[in-house]
Amino acid sequence: EPEVTQTPSHQVTQMGQEVILRCVPISNHLYFYWYRQILGQKVEFLVSFYNNEISEKSEIFDDQFSVERPDGSNFTLKIRSTKLEDSAMYFCASSDITSGIKETQYFGPGTRLLVL
Amino acid sequence: AQSVTQPDIHITVSEGASLELRCNYSYGATPYLFWYVQSPGQGLQLLLKYFSGDTLVQGIKGFEAEFKRSQSSFNLRKPSVHWSDAAEYFCAVGGATNKLIFGTGTLLAVQP
């Protein structure tokens, strides 16, 4: 069964450093997402991406964050200058766009980011 | 504002016992409702979803959920729990846009 993969599984970084989290969505999917979960809190939507542009973003997704689909298979989340409060589990998801929200979003296993 | 509440942070049941995980939502329009499960080290796997029609929906692994508009609830049930069901369960709501709004999750432990 096809699945969403994410690398790395864990990342430790120093405050102020840039990090790039990588995701390989399911190959025929067209809609991509990033969510995050701070320890003990809810899974929160960050951004959705379709047709090489952001289709929606949350208030969390400020100028420190960016997303990119650099090639036909990867989908990345960049945090330019990490803060302590960016420590969280980051989930990538993808879906087949054919009927919007009614399509299942398939999630990856997550990247645990720790900012020191 | 849209929100999802899962009142039970942690539940322990005995293997073979029945299970009900609670989910309440707040949403201004017709909600689309989902239950996801996360096993350790795994991603979020969809168990079932409700869009319209029959308010009792069947999912994978023997789970079902019932949409009750009057109670703004979408509780997840299973008649007989297996040890492999131990995991964290997330309820989510979606609507006009593609983003999902999640609850805080319920951690299920299964006693032998």
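This text goes with the structure placed above it.
Residues numbered from 1 in each chain as written. Chains lettered and ligands numbered in written order. Predicted model: local features only at pLDDT ≥ 70, side-chain atom pairs only at ≥ 80, totals over all residues. Heavy atoms only, no water.

**Student:** Teacher, can you tell me more about the overall build of chain A here?
**Tutor:** When helices and strands are counted, chain A shows 0 helices and 11 strands. Secondary structure elements of chain A occur, N-terminal to C-terminal, as β-β-β-β-β-β-β-β-β-β-β. Computed over the C-alpha atoms, the radius of gyration of chain A is 13 Å, within 12% of the 13 Å expected from 2.2 N^0.38 for a compact globule of 116 residues. With respect to the three principal axes, the spread of C-alpha positions in chain A is 40 × 30 × 30 Å. Counting over 116 residues, chain A shows a buried share of 48%. Relative to all contacts within chain A whose residues are 6 or more apart in sequence, the contacts with residues 24 or more apart total 53%. Of the roughly 5,800 Å² of accessible surface on chain A, 47% is carried by carbon and sulfur atoms. Separation between the mean location of the 10 positive side-chain charges and that of the 15 negative ones in chain A comes to 3 Å. (Helix = DSSP H or I, 4+ residues; strand = E, 2+ residues; numbered from the N terminus. Rg over C-alpha atoms; globule rule 2.2 N^0.38 Å. Buried < 20%, exposed > 50% of the residue type's maximum accessible area, 1.4 Å probe, protein only. Contact = heavy atoms within 4.5 Å. Areas by Shrake-Rupley, 256 points an atom, 1.4 Å probe, with all protein chains shown as cover. Lys, Arg positive; Asp, Glu negative; His and termini not counted. Charge placed at Lys NZ, Arg CZ, Asp CG, Glu CD.)

**Student:** What is the right way to read the interface of chain A and chain B from this model?
**Tutor:** In many analyses, interface size is given as the accessible surface area lost on bringing the parts together. In this assembly, 18 residues from chain A lie in contact with 22 residues from chain B. Around 1,800 Å² of area is buried between chain A and chain B when both sides are counted, 59% of it from carbon and sulfur atoms. The interface formed by chain A and chain B contains 1 salt bridge. Glu56(A) serves as the salt-bridge partner of Lys99(B), at 3.7 Å between the closest nitrogen and oxygen. For the pair chain A and chain B, the number of links is 4 residue pairs in polar contact (both at pLDDT 80 or more). If you list the elements that add at least two residues to the side of chain A that touches chain B, you get β4 (31–37) and β5 (43–50) of chain A. (Buried area = accessible area lost by both parts, 1.4 Å probe. Salt bridge = Lys/Arg side-chain N within 4 Å of Asp/Glu carboxyl O. Polar contact = N/O pair within 3.5 Å; in protein donor to acceptor, adjacent residues only side chain to side chain.)

**Student:** What should I look at first to understand the pairing of strand β7 (residues 65–68) of chain A in this one?
**Tutor:** Look at any regular strand and the pattern is simple: side chains alternate between the two faces of the sheet. Residues and elements named next belong to chain A. Here 4 bridges tie β7 to strand β8 (residues 75–79), and the two strands are oriented antiparallel to one another. Considered in β8, the bridge of Phe-65 is made with Ile-79. In textbook terms, the turn of a hairpin is the stretch between consecutive antiparallel strands, and for β7 and β8 this stretch comprises 6 residues. (Pairing = 2+ DSSP bridges.)

**Student:** What is the right way to look at the nonpolar core in this model?
**Tutor:** Nonpolar side chains in soluble globular proteins tend to be buried together. Residues and elements named next belong to chain B. One finds Leu-19, Trp-35, Leu-47, Leu-48, Phe-74, Leu-76 and Tyr-89 to be the most contacted residues of the largest nonpolar core, which totals 28 residues. For this core, the secondary-structure elements that each account for two or more residues are β2 (10–14), β3 (19–21), β5 (32–38), β6 (44–50), β8 (64–68), β9 (73–78), β10 (87–94) and β12 (106–111). The biggest single contributor to this core is β10, with 4 residues. Sequence-distant contacts of Leu-76, that is, excluding residues within four places in its chain, are made with Leu-19, Glu-20, Leu-21, Trp-35, Leu-47, Leu-48, Phe-63, Glu-64, Ala-65 and Tyr-89. (Core = buried A, V, L, I, M, F, W, Y, C linked by side-chain atoms within 4.5 Å.)

None of this, on its own, says anything about what the molecule does.
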